[in-house]
Amino acid sequence: MRSNKDLFDESKKYLCGGVNSPVRAMKPYPFFTERAKGPMLLDVEGNSYIDYCLGYGPMMLGHKNPEIIDAVKHQLEKGTDYGTPTEDEITFAKRLSQIVPNVEKVRCVSTGTEATMSAIRLARGITQRDKIVKFDGGFHGAHDVVLVKAGSGVMTTASPGSIGIPKDSIKNTISVQFNNIEALSSIVEKGNVAGIIIEPIIANAGCILPEKGYLKEVKRTAKQNGTLLIMDEVITGFRVGLGGAQEYFKVNGDIITMGKIIGGGFPLAAFGGKKKIMNEVSPEGHVYNAGTFNGNPVSIAAGLKTLDILERKETYPKLKNMTDKITDGIYDMTSKMKTALYSAPGMFCLYFGVEKVKNYEDAKKSDTEMFKKFHKELLKKGVFLPPSQFECNFLSIDHDEEVIDKTLESMSSALKTIKR
Ligand SMILES: Cc1ncc(COP(=O)(O)O)c(C=O)c1O
């Protein structure tokens, strides 16, 4: 048996930083997963962890969901990639149009990054404008245009962006403060903004909720100024409810980006909107989008089965109950500490060292050292939170009462240790 440390030492030789995505890095080294089932991950040393990272969101139906595995096996027998259209793609697109508000037509891609990149191109193509507005701490993937004051892994780097991005590539990206409608309207009212791209809950700086009425104001500002609203539902979609944040907050996007959960653990994402908008996408329209693996049949098979399960009447009530259970428990044990706790169905974040987080600046003030200690203690006790204060914790439909009771016990004991 090889240890996590051995594997990390070897991994560093062949993989950049020993990982394939920076958020997976952990000090002194990450654990290497051997297998996963339901709400649990098992590492190469035989340690098991209750998983609140869930692949950074996708695994809402739990790991190794038997129905998804069966659907995928069935597809594997028929081939893995065709490069031609399939009937299942039509079914999948049709079902998305029935489920997701304001979506009549979609284009399937493989990752959320591709979805937001194409959504931005579409907004620019339709409006014939160049400027894009995003929000501080919002993360929309790792392409140039959106790596400005971005959340997620870049939040822990010295400059919240990346070198290697030409100034010209981001000169049309304006990042504004979340929950501050004046900051947004002062930019959008100039009349030259193609699109506003927004995470309706900023899950890449923890879990920053929109204040009451804020998203409706964002929509109103967009509409009044001929700007398209790109609802980035890569995290919130199919999580806060079947109809995502649009349904949860009762606000309409013009272009909706989806990813993570819709692929049931396989690479699948999409962007969609009303026909009038989506008809501009190639080959029908002139906004180019293409991808070798777009609508890959294995991913689509997993996606179709995912939608079946999500549509069952027990799915979202259970997710909400379990979210309430864990957040009530955390609240009880932290209400006398300087902490801020935020949640929406299926997601939550506990910030240390702050009492209120309504934007990126507030999130940045949180006590990340305290978080690291908490994270480390929890790992020892078999609970895996995403390894950054600025990543959101997720629940799956396999997180039941027993699993949550165990988690709360571990959290209570971890808090006692770190407060000492
Ligand atoms: C809101 C949001 N949009 C887009 C993306 C990019 O998705 P992907 O990592 O699949 O490229 C992410 C990834 O975490 C995300 O959280």
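Along an α-helix, a turn takes 3.6 residues, which lines up residues three or four apart on a common side. Every buried residue of helix H6 (residues 181-188) is listed here: Ile181, Leu184, Ser185, Ile187 and Val188. All buried residues of H6 fall inside an arc of 160 degrees around its axis, so they share one side. Looking at the buried residues of H6, the elements they touch are strand S5 (131-135), strand S6 (173-176), strand S7 (193-198) and helix H7 (214-224). Between a side-chain oxygen at the N-terminus of H6 and the backbone nitrogen of glutamate 182 the separation is 3.3 Å; the capping residue is asparagine 180.

Looking at the assigned domains, one finds that the protein contains domain 1 (31-64 + 314-419) and domain 2 (66-310). Centre-to-centre separation of domain 1 and domain 2, based on C-alpha positions: 25 Å. If you look at the interface, domain 1 gives 34 residues, while domain 2 gives 39 residues. Taken together, the connections running from domain 1 to domain 2 amount to two salt bridges. The residue lysine 149 makes a salt bridge to glutamate 361 at a minimum N-O spacing of 3.5 Å. Connecting domain 1 to domain 2 are 14 residue pairs in polar contact (both at pLDDT 80 or more). The set of elements that each furnish at least two residues to the side of domain 1 that touches domain 2 consists of helix H11 (315-334), strand S11 (339-344), strand S12 (347-352) and helix H12 (360-364). Within the side of domain 1 that touches domain 2, the residues separate by chemical class into 22 nonpolar, seven polar and five charged.

The side-chain alternation of strand S9 (residues 255-258) yields two buried faces, one formed by Ile255 and Thr257 and the other by Ile256 and Met258. Between strand S8 (residues 228-232) and its parallel partner S9, the chain crosses via helix H8 (residues 244-249), and the hand of that crossover is right-handed. Alignment of S9 against strand S10 (residues 269-273), held across four bridges, turns out to be antiparallel. When the sheet's bridge partners are listed, methionine 258 is paired in S10 with alanine 270.

What follows concerns the environment of lysine 373. When you line up the elements, lysine 373 lands in helix H13 (residues 368-380). For lysine 373 and lysine 419, which are 46 residues apart along the polypeptide, the C-alpha to C-alpha distance reads 9.7 Å.

Our focus in this paragraph is the sheet that holds S12. Taken in spatial order, the three strands line up as S11-S12-S14 in an open sheet, and their pairing is antiparallel. The outermost strands of the open sheet, each flanked by one partner alone, are S11 and strand S14 (393-394). In this structure, S12 lies alongside S14, joined through two bridges in antiparallel fashion. Across the sheet, the residue bridging to methionine 347 is phenylalanine 394, located in S14. Of the strands in this sheet, S11 and S12 touch H11, which is tilted by about 170 degrees from S11.

Remark on secondary structure: sheet strands pair via backbone hydrogen bonds, oriented parallel or antiparallel. Within the open sheet, the seven strands sit side by side as S4-S10-S9-S8-S7-S5-S6. Their pairing is mixed. The outermost strands of the open sheet, each flanked by one partner alone, are strand S4 (105-109) and S6. For this sheet, the mean angle separating the axes of adjacent strands, direction not counted, is 20 degrees. In this sheet, S6 lies alongside S5 in parallel orientation, the contact comprising four bridges. What sits directly across from lysine 134, in S6, is serine 175.

As enumerated under the stated definition, the model contains eight aromatic pairs in all. With centroids separated by 4.9 Å and ring planes inclined at 80 degrees, the aromatic side chains of tyrosine 248 and phenylalanine 249 adopt a geometry described as edge-to-face. Considering the side-chain rings of phenylalanine 352 and phenylalanine 374, the 5.2 Å spacing of their centres and the 70 degrees angle between planes classify their relative orientation as edge-to-face. Linking phenylalanine 352 in strand S12 with phenylalanine 374 in helix H13, this pair joins segments that are 22 residues apart in sequence. These aromatic residues form a ring-pair network of at least three members: Phe31, Tyr49 and Phe384.

Looking at where proline 39 falls in the secondary structure, it is placed in the loop between strand S1 (33-37) and strand S2 (40-43). On the basis of relative accessible area, proline 39 is assigned to the buried category, the value being 11%. In this structure, the C-alpha to C-alpha distance between proline 39 and aspartate 398, residues 359 residues apart in sequence, is 5.5 Å. Beyond its immediate chain neighbours, meaning those up to four positions away, proline 39 contacts Tyr49, Ile50, Asp51, Asp398, His399 and Val403.

Neighbouring the ligand are the residues Thr111, Gly112, Thr113, Phe139, His140, Gly141, Glu199, Asn204, Asp232, Val234, Ile235 and Lys260. For the ligand, an oxygen atom lies 2.9 Å from a polar atom in the backbone of glycine 112. In this structure, phenylalanine 139 approaches the ligand through a main-chain N or O atom, which is 3.5 Å from a nitrogen atom. For the ligand, the protein covers 82% of the area, taking 390 Å² as the surface of the free molecule. Of the residues in the shell around the ligand, the class split is three nonpolar, six polar and three charged.

What counts and how
Residues numbered from 1 in each chain as written. Predicted model: local features only at pLDDT ≥ 70, side-chain atom pairs only at ≥ 80, totals over all residues. Heavy atoms only, no water. Buried < 20%, exposed > 50% of the residue type's maximum accessible area, 1.4 Å probe, protein only. Helix = DSSP H or I, 4+ residues; strand = E, 2+ residues; numbered from the N terminus. Arc of directions from axis to C-beta. Contact = heavy atoms within 4.5 Å. Polar contact = N/O pair within 3.5 Å; in protein donor to acceptor, adjacent residues only side chain to side chain. Domains from an automatic or database assignment. Salt bridge = Lys/Arg side-chain N within 4 Å of Asp/Glu carboxyl O. Nonpolar A, V, L, I, M, F, W, Y, C, P; charged D, E, K, R; others polar. Right-handed = clockwise from strand over helix to strand, strands pointing away. Pairing = 2+ DSSP bridges. Axes fitted to C-alpha atoms, helices over the stretch in contact; angles between N-to-C directions. Phe/Tyr/Trp six-rings, centres within 6.5 Å; stacked < 30°, edge-to-face > 60°. Near = heavy atom within 4 Å. Areas by Shrake-Rupley, 256 points an atom, 1.4 Å probe, with all protein chains shown as cover.

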